[in-house]
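Read off the chains here:
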Amino acid sequence: MDVHLKNLFTRYQEQFGCGPGLGPGSGTCLLKVDGITPPFIKSLYRTAAALYRTDPWKWLRPEHLFGIKVGKDSDWSSRKQPFPCVQFIGGNGGDIGIYMFRAHDDAKKMTASRETIRVPNTELLRVTYELESIVFPSNKRMIKSLALEVSGTDRFPVIDVVRCTSSVELQFRNPTLEELKFAYAVLRAIPLVHPLLRQDYDAAPKWSRMMYFESFIETVDVQWPLEMARGNDLVAVTVSHPPGHRYEEQNSSTASSTPTKLSEPSKEETLVDMDSVGSFRLCMMCEKEISGEQSICCGRCGAIVYCSSLCQHQDWNVAHKDTCALCKAMMEREEELAMTIFMFNCSAEQPCKWLESLGVHQKGMWKRKCNCFSRWFYGLLPIEGDLRDSWGDLDDDQYPHDSPIDDYTRDGLSSVILLSGWSEYYNLRSLPLSSPVADILSHPLTVYYALTALSVSSKNLLLKGKEVIVHYLGPKGELDWMPAFAEIGHLLNGLGSIQMFMIGPEVPTNLSGTTSGVSSRVRINFVRGIYQEEVAYLPSPQVILALNCELETNASWVGALDLINLREHPAFFSCQSEISSSSAKQVLRSAGLHISYPMTPNPFRSPVRNYGPSSNFPSYSNGFLLGVNT
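Residues numbered from 1 in each chain as written. Predicted model: local features only at pLDDT ≥ 70, side-chain atom pairs only at ≥ 80, totals over all residues. Heavy atoms only, no water.

Colleague: Sorry, what's going on with the overall build of the chain here?
Modeller: For the chain, the count of helices and strands is 17 helices and 23 strands. Going through the 630 residues of the chain one by one, you find that 50% of them count as buried. Long-range pairs, those at least 24 residues apart, make up 69% of the contacts in the chain with a sequence separation of at least 6. Taken as a whole, the chain presents about 29400 Å² of accessible surface, with 49% of it coming from carbon and sulfur. (Helix = DSSP H or I, 4+ residues; strand = E, 2+ residues; numbered from the N terminus. Buried < 20%, exposed > 50% of the residue type's maximum accessible area, 1.4 Å probe, protein only. Contact = heavy atoms within 4.5 Å. Areas by Shrake-Rupley, 256 points an atom, 1.4 Å probe, with all protein chains shown as cover.)

Structure below.
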C-alpha cells in the first residue's frame, strides 16, 4: 500500500506540481507562433538545454530576483524591456523553470518561500522544464518532428505567457516572436554569469539555509542565431542582482554603446578581514566559538578544545574518557610527522599572519591558502600575470620554473623521475629549503608519487611512454593551482603522458567541459557533478585519486565508493590527520573495500601544520595516504 501511495503521489506531483510555481505547461505550442521558423525553435531548445546543464537551481531560490536588460529599450516594440525581472523556480521544490516578469514589483508580490502567489492583472513569461511523460501531445509531435534537444535526461522546455486575471484565474497564450527573442537572449546570458555570484556571509541571518549573494552586475555579449540576426549578430545582455543595481555610466557613453562595466572592486570590497580568524576555536562539546586565548584543552592528551571546564567535564563523561589515551598517542606523533628540514615557519595557526610572514599574503595561488578570498568560487580566483606572479612574486630561485629538468638519466637512459621525498625534489630543482612552495606543490607531487611509486600499473605505462588516465575526485582549492600541476609534466622527463579528469560539485560551471593543457604531457579536464553520475561519460581510469578527501563528512562519497568497489579500480585517498584517516578507513570498510595500501604518512605531505577548529591533532594537507584495489 505504501508503495502504491508513493507512486500516486509522485504522479500527482509530476502532473500538478508541488511548491512554488504556477503548475505545468498549458499546452501552447511554438509551431503556432506567427513568423517562427523551425531553426529558431531548435536554437531555443538547444539554449534551454545548455542552461539546464549548468544547474542554477542548485543555489538559486525564488527569493533571488535578477534584473535583465537586453540591448537598448528602443530595440523593442514597446520602447522598454519586455521582461526586466527574472526568477528561478524549483530550487526548493515545485516546478523547475524560469519566470520573467513585466516589472520588479510584480515579481516581489508573487514571490513567497513556499508558493507562487497569484496577483490580479499580472503577466509573465515562463520557461518550464517538463518531464517528457506529461508534455502535451502537440509538443511531443513537435519535439519528435524537429528532433529537439532534451534538457537533462527526460525534460523539455515549455514556453508560454501566463496572465492572472482580476479573478486570479490563469489565462495562457503563445509568446510572440519578439518575446521569444528576448527569452533566447536571457537563456544564453544566464549560464555565463550566474557562476560569478559570490556569497555574502554577512547578509545571511544566522540560521538561514538560503544563500545570500553580494550585489552583482555583469554585461555579456550574446550571439543571435543566424535565423534571427539582422545586420548585427551580437547583443549586450546585462544581468544584475538585486534588480535595479546599476553601472556607473561614464560621461562618454552613448545611447548605442554597451554599458560601461564596473571597475575592479577595491581591496576593501573584495576581501574579508581575516587577521584574527585563525585564533578562533570551537568548543568540542557545545560548539561555541571562542578566542584561542579563552580556550582550554584536555589536560591529559592536549588534543580536544573546550570553552569551559564545565564542557570539558561533560565531554569526559559522555565520550572523551574512552578515547583520551588514543588521542594522546596521536598527539605524541607530532614530532615524528613534523618536517624539520625546511627553513621557513611551518605553523599556520593564523593563516593570514603566516602568509604575511612569507610575503605572499593575498598574492597569486596563495590567495587560496587563507579565507580572504573565500567568497570566490573555486577555480575562479583572480590570478593574472606570469608564473612568478602565480607564485606570489617569490624570488626567482624560490619557485620551480617552467623548464625541463636537465641531464636526468637512469642507467644512461632518459627516464621518468622517481622521487621519494621533499629533499630529493628540492635538490633536483635547486630550490632552497627556505622556499615555501612545498605547501602548494603537495597536491601535484602527491598525484605524481601515487602514479610512479604506489601504482605499479601506471608506473609501467609511463616508463613505456604511454598515457595514464586519472580520475581526480572532489577538487576544491587545487582548481586554482594549475600552474603548480605543470610540474608533473617536467617530472615525466619526456616519457609518457597523463590525462586527468577533475570531477566534483565544486568545479565551477563555466570551467566544466573545458580542458587545461598545463603542459605538453599533462592535460586536465574539468567536470562538474557527482562522480557516480558522470563516470559513464569518461574513459576508464588506471588510477582514482581523492586528496584531503574527508570521507567521513560527505554522504555523496557512498555512491562513488560503491562504484570503485564494483569496478575494482585502484584508488588512493589522502587525509590531513591520523584521526581523519582512521575515520576514512571505517568508511572504506563499510563500503566493502579492502584496504590494500595501509595508512602511511605521505612523503609529499605539506610541511605546514594546520589546526582544526575543535582539536589540536597534528594536521597537514595530504598528511596520510591509504589505498584500495591496488
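Colleague: Just checking my understanding: could you explain the packing of aromatic side chains for this structure?
Modeller: The description of an aromatic ring pair rests on the distance of the ring centres and on the angle between the ring planes. Taken as a whole and assessed by the stated rule, the structure comprises 22 aromatic pairs. The rings of F342, F344, W422, Y425, Y426, Y449 and F604 are connected pair by pair, giving a single aromatic cluster. A cation over a ring is seen here: K181 above W224, with NZ or CZ 4.7 Å from the ring centre. (Phe/Tyr/Trp six-rings, centres within 6.5 Å; stacked < 30°, edge-to-face > 60°. Lys NZ or Arg CZ within 6 Å of the ring centre and 35° of its normal.)

Colleague: Is there a simple way to think about the environment of C327 in this case?
Modeller: Among the structural elements, C327 can be located in helix α7 (residues 309–331). As for C327 and E578, which are separated by 251 residues in sequence, their C-alpha atoms are 9.7 Å apart. With near-sequence residues (within four places) excluded, C327 lies in contact with C301, A303, I304, H320 and F617.

Colleague: Mind showing me how you'd approach the sheet that holds strand β8 (residues 234–241) here?
Modeller: The strands that make up a sheet pair up through hydrogen bonds in the backbone, lying either parallel or antiparallel. One open sheet holds the eight strands; their spatial order is β6-β5-β4-β3-β2-β1-β8-β7, and the pairing between them is antiparallel. In the strand order of this sheet, the two ends are held by β6 (170–173) and β7 (216–223), each with one partner. Averaged over neighbouring strand pairs, the angle between their axes works out to 30 degrees when direction is ignored. As paired elements, strand β5 (residues 155–164) and β6 share four bridges and run antiparallel to each other. Looking at β6, one finds that C164 is bridged to L170. This element, helix α2 (residues 38–54), spans β3 (97–101), β4 (122–131) and β5 of the sheet and lies at about 100 degrees to β5. Helix α5 (residues 177–193) contacts β1 (65–70), β2 (85–89), β3, β4, β5, β6, β7 and β8 of the sheet and is inclined by roughly 120 degrees relative to β7. (Pairing = 2+ DSSP bridges. Axes fitted to C-alpha atoms, helices over the stretch in contact; angles between N-to-C directions.)

Colleague: Mind showing me how you'd approach the packing of α2 against α5 here?
Modeller: Helix packing for two helices is described by the angle between their axes and how far apart those axes are. Viewed as axis vectors pointing N to C, α2 and α5 meet at an angle of 30 degrees, and their least axial separation amounts to 9 Å. As the angle between them shows, α2 and α5 are arranged roughly parallel. For the pair α2 and α5, the crossing hand works out as left-handed. Across the interface between the two elements, F40, S43, L44, T47, A48, L51 and T54 from α2 touch L177, L180, K181, Y184, L187, R188, I190 and P191 from α5. Its residues placed into classes, the contact of α2 with α5 shows 10 nonpolar, three polar and two charged. (Parallel < 35°, antiparallel > 145°, perpendicular 65-115°, else oblique. Left-handed = near helix turned anticlockwise from the far one by under 90°. Nonpolar A, V, L, I, M, F, W, Y, C, P; charged D, E, K, R; others polar.)

Colleague: Looking at this structure, I do not really get the packing of α2 against helix α4 (residues 137–146). What am I missing?
Modeller: Direction vectors running N to C along α2 and α4 enclose 100 degrees, while the axes themselves pass 11 Å from each other. On the basis of the axis angle, α2 is roughly perpendicular to α4. Packed against α2, whose contacting residues are P38, I41, K42 and Y45, the element α4 presents M142, I143 and L146 at the interface. Across the contact of α2 with α4, the residue classes break down as six nonpolar, no polar and one charged.

Colleague: Even after reading the chapter, I still don't get the side chain of D106, so can you show me in this structure?
Modeller: Turning to its location among the elements, D106 is positioned in helix α3 (residues 104–110). The side chain of D106 is buried and forms no salt bridge, while K109, the nearest opposite charge, is found at 5.1 Å. Beyond its immediate chain neighbours, meaning those up to four positions away, D106 contacts F101 and T122. (Lys, Arg positive; Asp, Glu negative; His and termini not counted. Salt bridge = Lys/Arg side-chain N within 4 Å of Asp/Glu carboxyl O.)

Colleague: How do you make sense of the nonpolar core when you look at a structure like this?
Modeller: When a protein is soluble and globular, its nonpolar side chains tend to lie buried together. Counting 68 residues, the largest nonpolar core has W391, W422, Y425 and M500 as its most contacted members. When contributions to this core are tallied by element, the ones reaching two or more residues are α9 (351–358), α11 (422–428), α12 (438–454), β15 (467–473), α14 (482–491), β16 (497–504), β18 (522–528) and β19 (543–546). Among all residues touching W422, those that are not within four sequence positions of it are M339, I341, F342, A438, L441, S442, L445, P603, F604 and R605. (Core = buried A, V, L, I, M, F, W, Y, C linked by side-chain atoms within 4.5 Å.)

Colleague: What is the right way to read the pairing of β3 from this model?
Modeller: Remember that side chains alternate between the two faces of the sheet whenever the strand is regular. With five of five residues buried, β3 is to be regarded as a mostly interior element. In β3, alternate side chains face the same way, and those of G97, Y99 and F101 on one face and I98 and M100 on the other are all buried. Bridge count for β2 against β3 is five bridges, and the pairing is antiparallel. Within β3, the residue paired with F88 across the bridge is I98. Bridge analysis of β3 against β4 gives five bridges, and the strand direction is antiparallel. Considered in β4, the bridge of G97 is made with T128.

Colleague: It is not clear to me how helix α17 (residues 578–590) should be interpreted in this structure. Could you clarify?
Modeller: A turn of α-helix holds 3.6 residues, and therefore any two residues three or four places apart point the same way. The first and last C-alpha atoms of α17 sit 19 Å apart over 13 residues, in line with the 18 Å expected at 1.5 Å per residue. Of the residues making up α17, those classed as buried are E578, S580, S581, A584 and L588. Projected down its long axis, α17 shows its buried positions confined to an angular sector of 150 degrees, all on one face. For α17, the exposed residues lying more than 90 degrees away from the buried face are Q586, R589 and S590. (Expected span 1.5 Å × (residues − 1). Arc of directions from axis to C-beta.)

Colleague: Honestly, the state of the cysteines in this entry has me stumped. Any pointers?
Modeller: When the sulfur atoms of two cysteines share a covalent bond, that bond is a disulfide. Evaluation of the coordinates by the stated rule reveals zero disulfides. Cysteine C283 shares no disulfide, and the gap to the nearest cysteine sulfur, in C286, comes to 3.7 Å. (Disulfide = S-S within 2.5 Å.)

Colleague: How should the confidence of the model for the chain be read in this particular structure?
Modeller: For residues with low pLDDT, the predicted coordinates do not support detailed interpretation. Of the residues in the chain, 87% have a pLDDT of 70 or more, and the chain-wide mean is 83. Note that residues 8–18 has pLDDT below 50 and, in this model, 14 contacts with residues that lie over four places away or in other chains. When the criterion is pLDDT under 50, residues 248–278 qualifies, and its contacts beyond four places in sequence or with other chains add up to 42 contacts. (pLDDT = per-residue confidence, 0-100.)

Colleague: Can you walk me through the side chain of D439 in this structure?
Modeller: The residue D439 is located in helix α12 in this model. The exposure class of D439 is buried, given its relative accessible area of 3%.

Colleague: Before we go on, may I ask you to explain the pattern of salt bridges in this structure?
Modeller: When their charged atoms lie close together, side chains carrying opposite charge are able to pair. Counting across every chain of the model gives 18 salt bridges. A salt bridge links E179 to R102, with the shortest nitrogen-to-oxygen separation between them at 3.0 Å. Remark: R102 occurs in the loop between β3 and α3 and E179 occurs in helix α5; sequence separation between them is 77 residues. Of the residues examined, E179 reaches a relative accessible area of 6% and is grouped as buried. Judged by relative accessible area, which is 30%, R102 ranks as partly exposed.

Colleague: Is there a simple way to explain the environment of S357 in this structure?
Modeller: Take S357: it is sitting in helix α9. Separated by 13 residues in sequence, S357 and F344 have C-alpha atoms that sit 9.3 Å apart. Within the local environment of S357, its side chain forms a polar contact with the backbone oxygen of W354, the two atoms lying 2.5 Å apart. (Polar contact = N/O pair within 3.5 Å; in protein donor to acceptor, adjacent residues only side chain to side chain.)

Colleague: Which parts of the structure should I look at to understand the environment of N139?
Modeller: Following the sequence through the fold, N139 ends up in helix α4. A relative accessible area of 4% places N139 in the buried class. Sequence separation between N139 and G27 is 112 residues, and the spatial gap between their C-alpha atoms is 7.5 Å. Among residues more than four places away in sequence, those in contact with N139 are T28, C29, L30 and V158. Of note is the side chain of N139, whose polar atom sits 3.0 Å from the backbone oxygen of T28.

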